[in-house]
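# Observations on chain architecture
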Amino acid sequence: MTDYHLVIDGATAEESWTYLDDDAALSDAPSIISLTRLKDEADALAERSAPFGVILRADGLGKTDLGEDVRELAPFIDRLALIAIHFPAYRNGRGYSAARVLREEFNFTGQLRATGDVLYDQWAMMNRCGINAFELAANIDLATFQTALGELSGAYQPAADQNRGALWARGK
Amino acid sequence: MYRYDEFDHKLVADRVNQFRGQVERRVSGALSEDQFKPLRLMNGVYLQLHAYMLRVAIPYGTLRSEQMQMLAHIARKYDRGYGHFTTRQNIQYNWPALDKIPDLLDELACVEMHAIQTSGNCIRNVTSDQYAGAIEGEAEDPRIVSEIIRQWSTFHPEFTYLPRKFKIAVTAHKNDRAAIKLHDIGIVVKQNDAGEIGYEVHVGGGQGRTPFVAKKMNDFVPKAKLLAYLEAVMRVYNMLGRRDNSYKARIKILVHETGEEEMRRMVEEEFAKIDASEMLTVPQTEIDRISAYFAPPAFETLPADSQAFTQAQADDADFARFVRANVVAHKQDGYAIVNISLKPIGGVPGDATDAQMDVIADLAERFSHDEVRVTHEQNLVLPHVKLDDVKTVYDALAAHDLATANLGLISDQIACPGLDYCNLANARSIPLAQEISERFSDLDRQYDIGELKIKISGCINACGHHHVGHIGILGVDKKGTEFYQISLGGAADENAAIGQITGRAFTEEDIVDAIETVVTTYTDLRADGERFIDTYNRLGMAPFKERLYD
Ligand code: HEM
Ligand code: SF4
């Protein structure tokens, strides 16, 4: 059991992934590992058939550290089934850029997940940046999530979603 | 002027409803104050010393008269009968009740106004030259690209939780009235030798406790590429800007710590990636649609001179003074740009009452093609007045204490709210500005002194732009008493510079005398035709220091 309510592509979903500590043994279940481990054990991981994902961490890295660099994932993109972006505080918006780089520059098509301090007023923005999986507080129901996503009926600018933005749409 | 289409209207209405929900969740306790804070900030709601404050955006400083009327109405209905025009083309209301703010925002939305992104760590209200479209010599009306930037930056999903606030200013004239080099991004609209419009982009300016003049990142970004270029700057900043210390979080610190060259390299690299998709190239039809809103108003064909205007100056010395200080040449023959000073002698810089706003709205409608402008120096402008009408306009302004003839003179000061409103202040700013204004109240003396910009901040956050005052005054705290430090030689125009501190700070009793000493040092030492800033730049700090401290 997890302590969050997982929503994927706008629907409640069962958690099928496990976050693995760096010293825990790899199992045959789908596992989310750290970037460090991904880099260290890339070859061994490639041999395995179980899908694996990575978490891009934003804290616990030293006070002035910004968080891990999304572009370090470049060599591994094709092998990753999931990337979780850690938001250490809802007001830390660095992960939004990471999400867009993954979707638009690396054309990542797997699950892109927001974990950490992920609150009501950020979901719609995250969604527009290409995040399609959300770890919500357990007491949040799907209807609330959908309301939040629909609060703004449009957008001015393109991002990682289908919405081209009014500046472009009006011109068509 | 830009008019909302259905889409713009709907989005602003959605935003008000969204904020109404957020206020309800705050009131019910579903949101903690800590969780509510960034949300209210993104809607212009600050918590001040005494109450909530609301900051309403005046994008690129342009208002229609019905909008000015609405600002007056809001001052009457939700505040104590006045509003405060700020240094970033916003208006602030100091006393609205939180639970009434959604209603207030609904009313604003009726005239296509909002408080979106006037605070918070997002891209703030875009500012521009108050003389846009009225002054001779612009490459293009800077409001066209400002409106495009406004739309692109509104609810930008990637840049709503930046390391720190982010301010963009635009000018299209060789004389910079928008202080673009003191912004996170400053843009100069210009024409290249081939006659194409493009943008010179400056990055990393700012004030606060570590002031910097922006560095020129790119000399000419082609018109079609601007949003891709801006998105590149923003992404580099969002990924690499510091989040561990809010005083080191502005892009100016990133540029400074990374170095200009390296910053440029990173921006160019990001730009190449973003631009590859051409996703951010705005369609020409949309640029044309927006440009059409800023087409010149229907000016009449008039002679360059007006007999009535000349005669009125000969007949009325006060009017002649007003013309000399506050009236600026218009690009269209027979028209003038009329500045309205919000710095009456002894008044609060930037404040206007509801009645004054109504008068200005009415004058704009009758005499200025329905337009009012707001300046970063906290004044207002009627941009398109026929020379024949200037005297009528002046008389109406004078009847409401709006005809102070001091534009650009020593009593036309910028002052932050200071200790009277602000919980971060070390010292009072407004009362000091009032004292200085009283001391130099004699207009003839002010003309003799000439152009001189005094800017006052109550603490190092520099909301009052003291770093870039020809004379800057900064409130400092010494064991609980108010002291003021003076700096000289700052400038916020095309020759932007950060002022130098003269030395030891002055007490509340001594500060006005010290300012007088600085001024007389200048008048004693100036060469023919030199402004204060020219004399300072020629002679440096030494003579001023000597007179102040010896
Ligand atoms: C309660 C009242 C206010 C508070 C607490 C406040 C707080 C601050 C703080 C903390 C900063 C420094 C931010 C930074 O650079 O990191 C700042 C900067 C600034 N504020 Fe305010 N402020 C207040 C009112 C105002 C008002 C009324 C104005 C406009 C008249 C204003 C305009 C500015 C400007 C122009 C800057 C400098 C931005 C730059 O670095 O370029 N502030 N303010
Ligand atoms: S400069 Fe300081 S005192 Fe003045 S408004 Fe800003 S934070 Fe307050």
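Placed above this text is the structure.
The text that follows walks through the structure, step by step, so that each part is easy to find. Predicted model only: the values in this text are computed from it and were never measured.

Bringing the overall build of chain B into the picture now. Scanning chain B for helices and strands turns up 18 helices and 21 strands. Taking 24 Å as the expected radius of gyration for a compact globule of 550 residues, we find that chain B reaches 23 Å, a close match to that expectation. Viewed in the frame of its principal axes, chain B has a C-alpha envelope of about 60 × 60 × 55 Å. When each of the 550 residues of chain B is scored for burial, the buried share is 63%. For chain B, restricting intrachain contacts to residue pairs at least 6 apart in sequence, the fraction spanning at least 24 positions comes to 67%. If you sum the accessible surface of chain B, you get close to 19400 Å²; carbon and sulfur atoms cover 49% of it. Between the centroid of the 61 positive side chains of chain B and the centroid of its 81 negative side chains there is a distance of 6 Å.

Note on placement: Q356(B) falls in helix α12 (residues 354–367). Residues within four places of Q356(B) in sequence aside, it is in contact with D351(B), H400(B), D401(B) and L402(B).

Let us now look at the side chain of S437(B). All names here are of chain B. Secondary-structure assignment places S437 in helix α14 (residues 430–439). Engagement of the side chain of S437 in a polar contact is seen with the backbone nitrogen of G346, the distance being 2.9 Å. In this view, S437 contacts P344, I345, G346, S411 and Q413; residues no more than four positions away in its chain are not counted.

Turning to the packing of α14(B) against helix α16 (residues 511–525) of chain B, a few remarks are in order. Residues and elements named next belong to chain B. Contact geometry of α14 with α16 gives a least axis separation of 10 Å together with a crossing angle of 50 degrees. Taken as axis vectors, α14 and α16 run oblique relative to one another. Regarding α14 and α16, the two cross each other, and that crossing is right-handed. Along the contact surface, α14 presents L432, E435, I436 and R439, while α16 presents I511, V512, D513, I515 and E516.

Around ligand 2 sit C416(B), P417(B), G418(B), C422(B), L424(B), A425(B), S457(B), G458(B), C459(B), N461(B), A462(B) and C463(B), and that is every residue in its neighbourhood. Considered class by class, the residues forming the shell around ligand 2 number eight nonpolar, four polar and no charged.

All names here are of chain B. Around ligand 1, a shell composed of 21 residues is seen, among which K167, Q207, R250, P417 and C463 lie nearest. Within the contact set of ligand 1, an oxygen atom lies 3.3 Å away from a side-chain nitrogen or oxygen of R164. Between ligand 1 and Q207 there is a distance of 2.9 Å, counted from an oxygen atom to a backbone nitrogen or oxygen. For the shell around ligand 1, the residue count by class is six nonpolar, 10 polar and five charged.

Another point: the environment of F159(B). One can find F159(B) in the loop between α5 (142–153) and β7 (168–171). For F159(B) and R235(B), which are 76 residues apart along the polypeptide, the C-alpha to C-alpha distance reads 8.1 Å. Other than its neighbours up to four places away in sequence, F159(B) contacts S97(A), N121(B), C122(B), I123(B), W152(B), E231(B), M234(B), R235(B) and N238(B).

Take the interface of chain B and chain A next. Taken together, the contact between chain B and chain A spans 50 residues of the former and 39 residues of the latter. Buried area between chain B and chain A, both sides added, is near 3900 Å², and the carbon and sulfur share of it is 56%. On the chain B side of the interface with chain A, the three residues burying the most area are P157(B), Y161(B) and M239(B), jointly 19% of the side's total. Counting the contacts that link chain B with chain A gives nine salt bridges. Residues R170(A) and D5(B) are paired through a salt bridge, measuring 2.8 Å at the closest nitrogen-oxygen approach. Applying the counting rule to chain B against chain A returns 24 residue pairs in polar contact (both at pLDDT 80 or more). When residues in the side of chain B that touches chain A are grouped by element, the largest group, nine residues, is from helix α1 (residues 6–28) of chain B. Partitioned by chemical class, the residues of the side of chain B that touches chain A number 20 nonpolar, 12 polar and 18 charged.

Once that is clear, we can look at the sheet that holds strand β15 (residues 380–386) of chain B. All names here are of chain B. Read from one edge of the open sheet, five strands run β3-β14-β15-β12-β11, paired in antiparallel fashion. Strand pairing shows two members of the sheet lacking a second neighbour, β3 (62–64) and β11 (327–329), which therefore form its edges. This sheet shows a mean twist of 30 degrees between the axes of neighbouring strands, independent of strand direction. In this sheet, β15 lies alongside strand β14 (residues 371–374) in antiparallel orientation, the contact comprising two bridges. Directly across from V374, in β15, lies its bridge partner L380. Running at roughly 25 degrees to β15, α12 makes contact with β12 (335–340), β14 and β15 of the sheet.

By convention here, two paired aromatic rings are described through the distance between centres and the angle between planes. Scanning all chains against the criterion turns up 20 aromatic pairs over all chains. Centre to centre, the rings of Y60(B) and F294(B) are 5.8 Å apart; their planes meet at 75 degrees, and the pair counts as edge-to-face. In this pair, Y60(B) sits in the loop between β2 (52–57) and β3 while F294(B) sits in the loop between α9 (284–293) and α10 (307–315), placing the two residues 234 residues apart along the sequence. Looking at Y60(B), the relative accessible area reads 5%, which means it is buried. Chaining the aromatic ring pairs together yields one cluster made of Y120(A), W123(A), F134(A) and F145(A). Stacked on the ring of Y120(A), the Lys or Arg R25(B) has its end atom at 4.0 Å from the ring centre.

So, on to the pattern of salt bridges. Under the defined criterion, the tally for this structure stands at 69 salt bridges over all chains. The closest approach of N and O atoms between D121(A) and R25(B), which form a salt bridge, is 3.2 Å. Of this pair, D121(A) sits in helix α4 (residues 120–128) while R25(B) sits in helix α1, which puts the two residues in different chains. Residue D121(A) shares its accessibility class with R25(B), and that shared class is buried. The closest approach of N and O atoms between D244(B) and R242(B), which form a salt bridge, is 2.9 Å. Look at the salt bridges and you will find they share partners, linking R71(A), R100(A), E104(A), E105(A), E158(B), E231(B), R235(B), E270(B) and K273(B) into a network.

How each quantity is defined
- Residues numbered from 1 in each chain as written.
- Chains lettered and ligands numbered in written order.
- Predicted model: local features only at pLDDT ≥ 70, side-chain atom pairs only at ≥ 80, totals over all residues.
- Heavy atoms only, no water.
- Helix = DSSP H or I, 4+ residues; strand = E, 2+ residues; numbered from the N terminus.
- Rg over C-alpha atoms; globule rule 2.2 N^0.38 Å.
- Buried < 20%, exposed > 50% of the residue type's maximum accessible area, 1.4 Å probe, protein only.
- Contact = heavy atoms within 4.5 Å.
- Areas by Shrake-Rupley, 256 points an atom, 1.4 Å probe, with all protein chains shown as cover.
- Lys, Arg positive; Asp, Glu negative; His and termini not counted.
- Charge placed at Lys NZ, Arg CZ, Asp CG, Glu CD.
- Polar contact = N/O pair within 3.5 Å; in protein donor to acceptor, adjacent residues only side chain to side chain.
- Axes fitted to C-alpha atoms, helices over the stretch in contact; angles between N-to-C directions.
- Parallel < 35°, antiparallel > 145°, perpendicular 65-115°, else oblique.
- Left-handed = near helix turned anticlockwise from the far one by under 90°.
- Near = heavy atom within 4 Å.
- Nonpolar A, V, L, I, M, F, W, Y, C, P; charged D, E, K, R; others polar.
- Buried area = accessible area lost by both parts, 1.4 Å probe.
- Salt bridge = Lys/Arg side-chain N within 4 Å of Asp/Glu carboxyl O.
- Pairing = 2+ DSSP bridges.
- Phe/Tyr/Trp six-rings, centres within 6.5 Å; stacked < 30°, edge-to-face > 60°.
- Lys NZ or Arg CZ within 6 Å of the ring centre and 35° of its normal.

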